[in-house]
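A look at the structure
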Amino acid sequence: MARTRTRFVCQKCGSEAARWLGRCPDCAEWNSMVEEMAPPPRTTTGPSMPQGAPQPIEDVSMETWSRTPSGIAEFDRVLGGGVVPGSLVLIGGDPGIGKSTLLMQACANLARTGRTLYVTGEESAQQVRMRADRLDAVVPDLYLGAETDIDIIEAHAQKLKPRYLIIDSIQTVHDPSGTSAPGTVSQVRACCARLMRLAKTTQVTVFLVGHVTKEGTLAGPRVLEHMVDTVLYFEGDRFQSYRILRAVKNRFGSTDEIGLFEMGDTGLREVVGASELFLSQRPEHGAGSAVVAIIEGTRPLLVEVQALVTRSFLSSPRRTTTGIDFNRAAMILAVLEKRCGLRMADKDVFVNVAGGLKVVEPAVDLGIAVALASSYRERPVDQRLVVTGEVGLAGETRSVHQTDRRLREALRMGFKRALVPGPRPRAGDDLRGLEIHEARTVREAIDAALVTGPAPAEEDDVFADFTPD
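Residues numbered from 1 in each chain as written. Predicted model: local features only at pLDDT ≥ 70, side-chain atom pairs only at ≥ 80, totals over all residues. Heavy atoms only, no water.

**Considering the sheet that holds strand β7 (residues 164-168)**
- One open sheet holds the nine strands; their spatial order is β6-β5-β7-β8-β4-β9-β10-β11-β12, and the pairing between them is mixed. A single partner strand is all that each edge strand has here, and the edge strands are β6 (142-146) and β12 (267-270). When the angles between neighbouring strand axes are averaged without regard to direction, this sheet yields 25 degrees.
- Alignment of β7 against strand β8 (residues 205-211), held across five bridges, turns out to be parallel. The residue of β8 that forms the bridge with D168 is V209.
- Lying on the sheet, helix α5 (residues 185-202) is in contact with β4 (88-93), β7 and β8; it crosses β8 at an angle near 160 degrees. (Pairing = 2+ DSSP bridges. Helix = DSSP H or I, 4+ residues; strand = E, 2+ residues; numbered from the N terminus. Axes fitted to C-alpha atoms, helices over the stretch in contact; angles between N-to-C directions. Contact = heavy atoms within 4.5 Å.)

**Some words on the confidence of the model for the protein chain**
- Per-chain confidence: the protein chain averages 86 in pLDDT, with 88% of residues scoring 70 or above.
- Contacts of residues 455-462 to residues separated by more than four positions or lying in other chains number 14 contacts, the stretch itself having pLDDT below 50. (pLDDT = per-residue confidence, 0-100.)

**Describing the sheet that holds strand β3 (residues 33-37)**
- With antiparallel pairing, the three strands of this open sheet are ordered in space as β2-β1-β3. Here the strands that pair on one side only, and so sit at the sheet edges, are β2 (16-17) and β3.
- Sheet topology note: the strand β1 (residues 6-10)/β3 ladder contains five bridges and is antiparallel. Each bridged residue has a counterpart across the sheet, and for R7 the counterpart in β3 is E36.

**Things to note about the packing of helix α9 (residues 365-377) against helix α11 (residues 442-449)**
- It is the contact of α9 with α11, at a shortest axis distance of 10 Å, that shows an interaxial angle of 60 degrees. Taken together, the axes of α9 and α11 lie oblique to each other. The crossing of α9 and α11 is right-handed. For the pair α9 and α11, the contacting residues are L366, A369, V370 and A373 in the first and V442, A445, I446 and A449 in the second.
- A breakdown of the residues in the contact of α9 with α11 according to their chemical character gives eight nonpolar, no polar and no charged. (Parallel < 35°, antiparallel > 145°, perpendicular 65-115°, else oblique. Left-handed = near helix turned anticlockwise from the far one by under 90°. Nonpolar A, V, L, I, M, F, W, Y, C, P; charged D, E, K, R; others polar.)

**Side note on unusual backbone geometry**
- Backbone torsion omega between D168 and S169 reads 10 degrees, so that peptide bond is classified as cis.
- Mapped onto the fold, S169 is located in the loop between β7 and α5.
- Here the phi dihedral of N31 falls at roughly 55 degrees; this positive angle occurs in a residue that is not glycine.
- Positive phi is not limited to glycine here, since Q402 has a value of about 55 degrees.
- Mapped onto the fold, Q402 is located in the loop between β19 (397-398) and α10 (403-412).

**A short note on the side chain of T397**
- Considering the arrangement of structural elements, one finds T397 in strand β19.
- For T397, a relative accessible area of 8% puts it in the buried group.
- Within the structure, the side chain of T397 is placed 2.5 Å from the backbone oxygen of A439, a separation counted as a polar contact.
- Once you skip the residues sitting within four places of it in the chain, T397 turns out to touch L366, E390, P421, G422, A439, R440, T441 and V442. (Buried < 20%, exposed > 50% of the residue type's maximum accessible area, 1.4 Å probe, protein only. Polar contact = N/O pair within 3.5 Å; in protein donor to acceptor, adjacent residues only side chain to side chain.)

**Some points on the packing of aromatic side chains**
- Counted according to the given criterion, the structure contains two aromatic pairs.
- Arranged with centres 6.3 Å apart and planes meeting at 40 degrees, the rings of F75 and F207 form a pair that is tilted. Remark: F207 occurs in strand β8 and F75 occurs in helix α1 (residues 73-79); sequence separation between them is 132 residues. Each member of the pair F75 and F207 is classed as buried. (Phe/Tyr/Trp six-rings, centres within 6.5 Å; stacked < 30°, edge-to-face > 60°.)

**Re the pattern of salt bridges**
- Within the structure shown, the criterion is met by 25 salt bridges.
- The residue D365 makes a salt bridge to R328 at a minimum N-O spacing of 2.5 Å. Of this pair, D365 sits in helix α9 while R328 sits in helix α8 (residues 326-339); the two residues are 37 residues apart in sequence, bridging distant segments of the chain.
- R328 sits in the partly exposed class, given a relative accessible area of 27%. (Salt bridge = Lys/Arg side-chain N within 4 Å of Asp/Glu carboxyl O.)

**Re α8**
- End to end, α8 covers 20 Å across 14 residues, agreeing with the expected 20 Å (1.5 Å per residue, within 8%).
- Among the residues of α8, A329, I332, L333, V335 and L336 are the ones counted as buried. End-on, the buried residues of α8 take up no more than an arc of 160 degrees, which puts them together on one face. (Expected span 1.5 Å × (residues − 1). Arc of directions from axis to C-beta.)

Encoded structure:
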């Protein structure tokens, strides 16, 4: 009798080892090696015939993708304009965030254009039917199955020939020919490969639901994200009603787009006025708050940047950021102390982007600097002012792209003043109601943004007797 061969596979990166290791040698993750049965050696009978001969690139047909609207405009925006036939889409998110709700609402709309098969591996068919009743998603061409065997799922797909296939979730599906447990690296990789082959050969669009670990990344091997065409993250606080759908990989569209939703009793509702959402609870005449105009994909947004600067009683003052890059905030703090004379070394600093949005573009730099100076001096920012611009290490401000679109959004929201880096953009007819101020340095921006008033007792003037190095 042949001896059974085993191997140890890392559940994070898929690295293999002949014996157990406490730490993966490739990804340095602790306690991630799991013992699995090694597959039998492959026998080759000779070179296989190629499926298609290479051809000159100029002879390759320019076939355009015919996208199908899902009936949810925000979902289509993140996908790049609609659902692409034969694509493999992976949607990840925290438990209870609304992944199944979003897909069920999309299935109800897609089933009106073609047969749709929804396969659940975590819930019973009765549970999914109850959700469909609540979401008003019971349509004739929506088929439902509770199955975890990939062989049976493929058999159902070959028999029904659906146009759309939803797997909820990929971690529960297993391949009977494999020897490892469902959810392991080898099982997830094998099942995803079979679903990808099904999507590419039959042009059926496959949606996969993936779990998210406590670190905020998709569970399972990283190769899962490399195999699929699109990776979407569903973000938000489960105790809040607002959700953000973000694309981190998209072979058929941009990865800069986001979709905004609000969770209600009847499912997810699209948020049309995104700027109104992020500014709805902005405090009036409060120090440490600034409105910044940013661009997410093709959509201009106005977000509120909040800062709190307070005296520290620790030997190492705290620096906490939410929604922005920590290193970016540290750089702006250094610029304010070196170029503007704001003594931050003995202060605890907290910076937050209200609404749960994560901002990565440098246009938020000037807003952070203004909010920090406002909290430091206890002087509010003009309520009618919107800020946008990048901050350089020399204390200068730098212009950002699509400034006119940002200012038009600010004018639509009722703002009367705009603070932008120099040179000032041309004000067209659509910006006549907006007073545009030019600030070439961070110091000039702070002077123009803060409301004049008495200085706090700690210091007489923020720039008194200060000479830049």
